[in-house]
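# Summary of the model geometry
Take a look at the letters that make up each chain.
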Protein chains: 2
Amino acid sequence: MPEFLTLLPPDEARALLLAHLSDVIPDSESIDASSSVGRVLAQDVIAPHPLPEFQRSTVDGYAARAIDTHGASDSLPAYLNLIGEVPMGDAPSFEVGTGQCSLIHTGGMVPNGADAVVMLEYTQPVQRTEIEVFRAVANGENVIRVGEDVSQGQTVLTKGTLLRPAEIGGLMALGIIKVNVVRKIRAGLISTGDEVIDPSQSPRPGQVRDINSFTLGALVEKSGGFAKFYGIVSDQFDAVKETAARALSECDVVIITAGSSASTRDMTADIIRSLGEPGVLVHGINTRPGKPTILGVCDGKAVIGLPGNPVSALVNGYLFVVPVIEKLLGVLTKPRATVPAKLTVNLPSQAGREDWWPVRLIPETQSDEAMKTPSLRDSVVSKVEFLAEPIFGKSNLIFTLASADGLIRIHPDATGLSAGETVEVYFL
Amino acid sequence: MPEFLTLLPPDEARALLLAHLSDVIPDSESIDASSSVGRVLAQDVIAPHPLPEFQRSTVDGYAARAIDTHGASDSLPAYLNLIGEVPMGDAPSFEVGTGQCSLIHTGGMVPNGADAVVMLEYTQPVQRTEIEVFRAVANGENVIRVGEDVSQGQTVLTKGTLLRPAEIGGLMALGIIKVNVVRKIRAGLISTGDEVIDPSQSPRPGQVRDINSFTLGALVEKSGGFAKFYGIVSDQFDAVKETAARALSECDVVIITAGSSASTRDMTADIIRSLGEPGVLVHGINTRPGKPTILGVCDGKAVIGLPGNPVSALVNGYLFVVPVIEKLLGVLTKPRATVPAKLTVNLPSQAGREDWWPVRLIPETQSDEAMKTPSLRDSVVSKVEFLAEPIFGKSNLIFTLASADGLIRIHPDATGLSAGETVEVYFL
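We now turn to the structure provided with this report. (Residues numbered from 1 in each chain as written. Chains lettered and ligands numbered in written order. Predicted model: local features only at pLDDT ≥ 70, side-chain atom pairs only at ≥ 80, totals over all residues.)

This paragraph deals with the overall build of chain A. What chain A contains, in helices and strands, is 8 helices and 28 strands. Each principal axis of the C-alpha distribution contributes one length, and for chain A these read about 95 × 50 × 40 Å. Looking at chain A residue by residue over its 428 residues, the buried ones come to 53%. The long-range fraction of contacts in chain A, counting pairs at least 24 apart against all pairs at least 6 apart in sequence, stands at 72%. (Helix = DSSP H or I, 4+ residues; strand = E, 2+ residues; numbered from the N terminus. Buried ≥ 20, exposed ≤ 12 C-beta atoms within 10 Å, placed from the backbone. Contact = placed C-beta atoms within 7 Å.)

This is the structure:
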């Protein structure tokens, strides 16, 4: 079976694919910043004004001139004349002069003349217009300077930033209520196979329902894409080619899940070759599951042929489809977060091949403790509190993935992993 | 300032809050399974039929009786009569008898009589109706049994399961195209403060734009909730109480971001006390940022008072709001994934207090390597490839969070962290 002439390692295959895609971010759209979580900035954001725009107090206390408090102590307090109270949400109508102070609340505007705020707890009223100060403050103490967060004209967020709650807060603080984001990447999904039927239908003997359109569609949507479904196409070259050509013209990336047999996989490669230049870049990847994966680029757009087995298709979706979407979005990628866990059994692997195993996470000991803080666990230093139990099952069995928490990787250089070894679990 | 009588550790405070919320999952809704990614199952899913529903081949080859291949080798092949080809997507019209075989493709239905499939590469055609077999197969080899993935009546997904691409694939495989999910948790958001204005407005001196409604709203949406905005309310007890009571009647959880001063925080506590039983559970938490956080339950619903400082509000949103939403969704929580990193500087911390520091991740060495595989990094064993650089800034400065990749935790028992120590970074 000479179909796989050279099997590339997955990292190399991915790099080759991404190198053939242009860096151009597709068109952008303007949306409400308040609904932009998970989207990607299409252009830099420049601060139209400094933040904060006025000197603010960070405490409840008295705004004063720092020099007037120098040397103040419990035994030798400084005395200041109280000349007013800073209203919240308004500029004070007075200035603070030498020997004077004004009551101020957290977030209030520090009056002209004052350069620091004495915390309430270090003061005591003496009479209605005088206070004692028991501790000196330095110039600028308990005050946020104008522009301390960002200065006017500063680039506060760069193109390619993934918008999270914090970024949205920053946009709002600057009054930027509309934001230009990269439009969602359109991924065309084609399932092929004479045995494949729509999930709404009842299979006759020999037929199976389409899984791959929906697992990959959900993955695309999760990754910042828009899934466009081209349905199920029979294993005929012309039929698949016609659909793939249409998808290629309407989408940014096309994903064809082939039938499972060697002949249908070869047909996918032939179709990719016929759709544009350079065509097939990688035909076969040294990984399990997913050896028959085909990576191609046709006239600037990625066309990916995934195996028909649903586990292979989805795992290789994580390995190849998600990076393509991220590259097209121009998103500044971050390392993937993982959960460290102790492997429960030995896992063999063929040297030179990269394996991805589905695993279930099992709390190791203090399971109560781990569950008590579901949101954010103990994390002073890396601690392994979970066991990783591999799920064994053929790559046709979708529920081996549905029951897995994540995947672990066996590096191509390794000939396996040993029970008790610490592995990193990537969530699905 | 006796306002914080007892400061609870965050884990204890969270446990107390969650213990006061009932386990009842709110009403469910039926949605398309294809659009259910990120939602939570409201009921167990039972397999209506086995999967697969018929014996399938996992390879391209010849379906036969295993016993007929026993002893076969290169030097002494077994000979089988080829009686037909299994059509894809249909039941074969023949049975395989003793000494017979049929051509079959991956995914094809194994004909009656056959109990194994010989891979194509271990065979050779002799004449049109006869093949040589060079290797023996065992009963069941290269075949998926009926029900090998799931059996009929099996509980394949349990209530509380977060639906990911893999689960959606499983639902489709079973023909379950509609699914009952927990309806989104409604979180009512109220910003208070005489100085706070809507982000669409231009602030006068002393005024600031509302940040917290939007950071927390985005966090709520990201966590499986629906954010209902009640706007900005002035620091008047009656006005805030009236709005909070309305939010409480319309939502599952209410979040009030207080003005920043001690008096407005105390007002929030008084309002929570006035809204229902038991009222305030926790008034002040031994954490930084976020000491003034107030946790309450009013007649079964959580009411959370967060500090007005945007960094405190958002960090404590992660610590307290997200777990409440997850508890109400009934979602089976998983450990949070993290990125291990080496701390660049010493970070002091007060013993007994839990600190959450924003940090930026910086690739330590092979930055090119790390970026080349943006999707899934090397992960045979835990390796620290990143530096965690703390971002210093007052908790009023939203851009300290917008420029952070994540947070690190300093445990209450620790008096700080040392430069070079490995920390776990929780993504924001």
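Moving on, we get to unusual backbone geometry. All names here are of chain A. Of note, the bond from Leu51 into Pro52 is cis; its omega dihedral lies within 30 degrees of zero at -10°. By the secondary structure assignment, Pro52 is in the loop between strand E2 (45-46) and strand E3 (56-57). Here the residue pair Arg288 and Pro289 is connected by a cis peptide bond, since its omega of -5° sits within 30 degrees of zero. With a phi angle near 60°, Asn142 is a residue other than glycine that sits in the positive phi range. Counting through the fold element by element, Asn142 comes out in the loop between strand E9 (130-133) and strand E10 (143-144).

For the pair of chain copies, the relating transformation is a rotation about an axis with a translation along it. It takes a turn of 180° to lay chain A on chain B, together with a shift of 0.0 Å along the axis; the resulting RMSD is 0.0 Å. In symmetry terms, the pair is related by a two-fold rotation axis. Of the interface residues in chain A, 100% have counterparts in chain B that sit at the interface too, so the contact is made through matching surfaces. (Least-squares fit on C-alpha atoms with pLDDT ≥ 70 in both.)

The next thing to look at is the interface of chain A and chain B. Facing the 110 residues of chain A at the interface are 110 residues of chain B. The greatest single-element share of the side of chain A that touches chain B, amounting to 8 residues, is contributed by helix H2 (residues 165-173) of chain A. When the residues that make up the side of chain A that touches chain B are grouped by side-chain class, the tally is 54 nonpolar, 29 polar and 27 charged. (Nonpolar A, V, L, I, M, F, W, Y, C, P; charged D, E, K, R; others polar.)

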